[in-house]
Amino acid sequence: MDKKKKDKNQPLYETSGTNRQMINYKVYKMSANEKAMYFILAFVIGAAVAYLFYGGIGKDSYGAPTLLTYILDVVIMAVVGFVSSMLFLPIRKEQIIDARKKTLRKQFIDLLDSLATSISSGKNVPNAFISAREDLLVQYQPDSYIVQEVDNIISGINNNLDVGAMLLNFGERSGIQDIRTFGRVFETAYSKGANLKDVIRNSHLILSNKCEIESEIETKVASSKNEQMIMIIMPIVLVAMLKMSGGDFSQNFTTPMGIICTTVAVIAFIGAYFIGRKILKIEV
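Residues numbered from 1 in each chain as written. Predicted model: local features only at pLDDT ≥ 70, side-chain atom pairs only at ≥ 80, totals over all residues. Heavy atoms only, no water.

Undergrad: Hey, could you run me through the pattern of salt bridges in this one?
TA: Where charged atoms of side chains with opposite charge meet at close range, the side chains can pair. All chains considered together, the criterion is met by seven salt bridges. Where D178 meets R105, a salt bridge forms, and the shortest distance between an N and an O atom there is 2.7 Å. Taken together, the residues span a long stretch of sequence, with D178 in helix α7 (residues 177–192) and R105 in helix α3 (residues 67–120) at a distance of 73 residues. You'll find D178 and R105 in the same group, each marked buried. Among the ionic contacts, a cluster of salt bridges with common partners joins R105, D178 and K210. (Salt bridge = Lys/Arg side-chain N within 4 Å of Asp/Glu carboxyl O. Helix = DSSP H or I, 4+ residues; strand = E, 2+ residues; numbered from the N terminus. Buried < 20%, exposed > 50% of the residue type's maximum accessible area, 1.4 Å probe, protein only.)

Here it is in structure tokens:
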């Protein structure tokens with residue numbers, strides 16, 4: 001079983017050692033309203049594009065639409081719209097999960113910054129987390145991801161649970177390698193009596209630099225992503241212009257050779273889109 005299937009089968013929430021329901025950030029389930037909204041949006045766009053490329057097939061020798069034309073238009077639009085929705089829903093879910101992880105990662109860096117400051121000032125680990133929570137509430141709402149996680153850790157400390165184990169659980173639920181690594185390092189350092197001040201400070205420095213590098217990469221590939229979207233949209237715009245202009249050339253789209261060429265081109269553009277997504281998804 002690959003990683004994506006394994007994550008898909010995991011629960012949305014996990015019960016922590018403090019009996020709290022904590023978010024499993026690797027999994028997201030759309031609400032019925034979300035699913036319906038994205039399904040309809042993708043269906044409408046897919047059906048419109050299908051009609052643009054394949055509408056008008058089956059006209060008679062005088063160029064007038066027949067019953068077959070209307071049937072084919074409805075069937076093709078329905079099939080392409082449905083397939084578009086089925087392709088878009090997993091993509092959108094992945095985008096939401098990635099955005100949530102990105103938000104959590106930024107908040108986690110702020111947590112490390114506050115912890116490093118508190119421990120450097122001589123506070124012990126429990127008091128450092130309490131102080132960090134107060135600092136985080138200045139930046140984030142009480143229901144933000146990181147505040148909820150810190151609340152869970154503080155509650156665990158008050159119930160004599162191991163801090164390192166709770167951070168390890170947080171790292172596993174986050175699905176973020178940096179948080180997992182910090183949890184392992186912290187657990188080892190805390191149990192062995194190592195210098196936590198240096199551990200947290202170095203972790204914060206490394207993650208901050210890593211985020212800066214990722215931000216620079218995103219800025220540099222932003223133009224490439226825009227170009228990719230333009231290359232995907234341009235064929236649709238060109239075909240729309242040709243069909244709206246009328247003339248004999250636009251009738252070529254409904255001929256057998258025109259249908260074959262259109263289908264090959266559409267498959268090529270869809271393939272190019274997914275390949276482009278993989279190429280432009282750069283991880284540090």
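Let's pick the thread back up.
Undergrad: Teacher, can you tell me more about the nonpolar core here?
TA: If you look at soluble globular proteins, the nonpolar side chains tend to sit buried side by side. Core analysis: the largest hydrophobic core is formed by 34 residues, its most contacted members being F108, F129 and I146. Mapped onto this core, the elements with two or more residues apiece are α3, α4 (125–139), α5 (145–158), α6 (163–174), α7 and α8 (196–245). It is α3 that provides the largest number of residues to this core, a total of eight residues. Other than its neighbours up to four places away in sequence, F129 contacts L115, V150, I153, I154, I157, V163 and L167. By size, the runner-up hydrophobic cluster in this structure holds nine residues, among which are L52, F53, I57 and I76. (Core = buried A, V, L, I, M, F, W, Y, C linked by side-chain atoms within 4.5 Å. Contact = heavy atoms within 4.5 Å.)

Undergrad: I tried to follow the packing of aromatic side chains on my own but got confused; where do I start?
TA: Geometry of an aromatic ring pair is reported as the spacing of the ring centres plus the angle between the planes. Overall, the coordinates contain eight aromatic pairs when judged by the stated rule. A ring pair is formed by Y38 and F88, whose centres lie 6.0 Å apart and whose planes are at 65°; its orientation type is edge-to-face. Taken together, the residues span a long stretch of sequence, with Y38 in helix α2 (residues 32–54) and F88 in helix α3 at a distance of 50 residues. For F88, a relative accessible area of 25% gives the class partly exposed. Measuring from ring centre to ring centre gives 5.5 Å for F108 and F182, while their planes differ by 75°; the resulting arrangement is edge-to-face. In this pair, F108 sits in helix α3 while F182 sits in helix α7, placing the two residues 74 residues apart along the sequence. By the burial criterion, F108 is buried, and F182 matches it. (Phe/Tyr/Trp six-rings, centres within 6.5 Å; stacked < 30°, edge-to-face > 60°.)

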